[in-house]
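# Inside the fold
Residues per chain are reported as follows:
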Amino acid sequence: MSHQASPLAGVEVYIFDVFGTVVDWYGNITKALAAAAPEGINEDWHTFTTEWRTGYFKHARRIAAGGEGTTNMDKAHRQILDAMLESPRWSKLGSAWDSDHREVLVKAWHKANGWPDSSKGIYGLKKKAIVAALSNGNIRFLVDLAKHSDLPFDVIFSVDLFGTCKPNEKVYQGALHHLDIAPEKCAMVACHLWDLRAAAQQGMKTVYVPRDTDDEEDRNNVKSKAEGGEVDVVVSSLEELAEIA
């Protein structure tokens, strides 16, 4: 009786997307915004948070396509926040939040909590392989997140090192270069299908983990190649990934 080889056979490095995949950016920021609300103002923090996050995605996509702008996520978050607060929709907040208040909100992103399975899952994988972060976040941002949520990455890669943003191919190629690893021995782990598609184009294996905060249109329909889909593996949690790796 023959046994089919695991799609993750030979993988020596697991590279993680961070925002959404490993940490819950949404829950943290909605709470931080509500806590910072000026007296007497009760806004739709879900809409505000979503607009802020969407603004960043648009910014990163523009940079990845060769457009101008900062690769530093803290600076980008501040620029997007300032632009939002100048709009009529958020004008009451704009007049109430001075520069210091805005900077506190920008730094609140650094305190996003890991998902319940994140720390344990990464610790489990760390016993079997190299575990790395590859994120659009800047290095200090990512270090703060790792310390806050006990994320034991062996190495952290920020797009600041590569002069562009995901999903530009230079980001994935840069990580592979610094890890001195063949792409087929590397697996990208993400809750964003676009991230995995970009990694796959560089020859990396792909692991999809659905999260409630991201990929609303795709997450319930993503399938593994064995099921006729496009990613190598679909897992329900990072703990499950650690078990099957």
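Located above this text is the structure these notes cover.
Quick summary incoming for the structure in this document. (Residues numbered from 1 in each chain as written. Predicted model: local features only at pLDDT ≥ 70, side-chain atom pairs only at ≥ 80, totals over all residues. Heavy atoms only, no water.)

### Description of unusual backbone geometry
Omega for the bond connecting Lys166 with Pro167 falls within 30 degrees of zero, at 10 degrees, which places this linkage in the cis form. Note that Pro167 resides in the loop between β5 (155-158) and α8 (169-179). Phi angles above zero are rare outside glycine, and Asp150 is one such case at about 55 degrees. Relative to the elements of secondary structure, Asp150 occurs in the loop between α7 (139-149) and β5. Residue Asp215 is not a glycine yet carries a positive backbone phi of 55 degrees. Along the polypeptide, Asp215 turns up in the loop between β7 (205-208) and β8 (233-234). Residue class for Asp215 comes out buried when judged on its relative accessible area of 15%. (Helix = DSSP H or I, 4+ residues; strand = E, 2+ residues; numbered from the N terminus. Buried < 20%, exposed > 50% of the residue type's maximum accessible area, 1.4 Å probe, protein only.)

### Let's talk about the packing of helix α3 (residues 73-85) against helix α5 (residues 99-108)
Packed helices, taken two at a time, are described by their axes: the angle between them and the distance between them. It is at 10 Å that the axes of α3 and α5 come closest, and there the two elements cross at 130 degrees. The orientation of α3 relative to α5 falls into the category oblique. Pair α3 / α5 crosses with right-handed handedness. Two secondary-structure elements touch here, α3 through Asp74, His77, Arg78, Leu81, Asp82 and Leu85 and α5 through Ser99, Arg102, Glu103, Leu105, Val106 and Lys107. (Axes fitted to C-alpha atoms, helices over the stretch in contact; angles between N-to-C directions. Parallel < 35°, antiparallel > 145°, perpendicular 65-115°, else oblique. Left-handed = near helix turned anticlockwise from the far one by under 90°. Contact = heavy atoms within 4.5 Å.)

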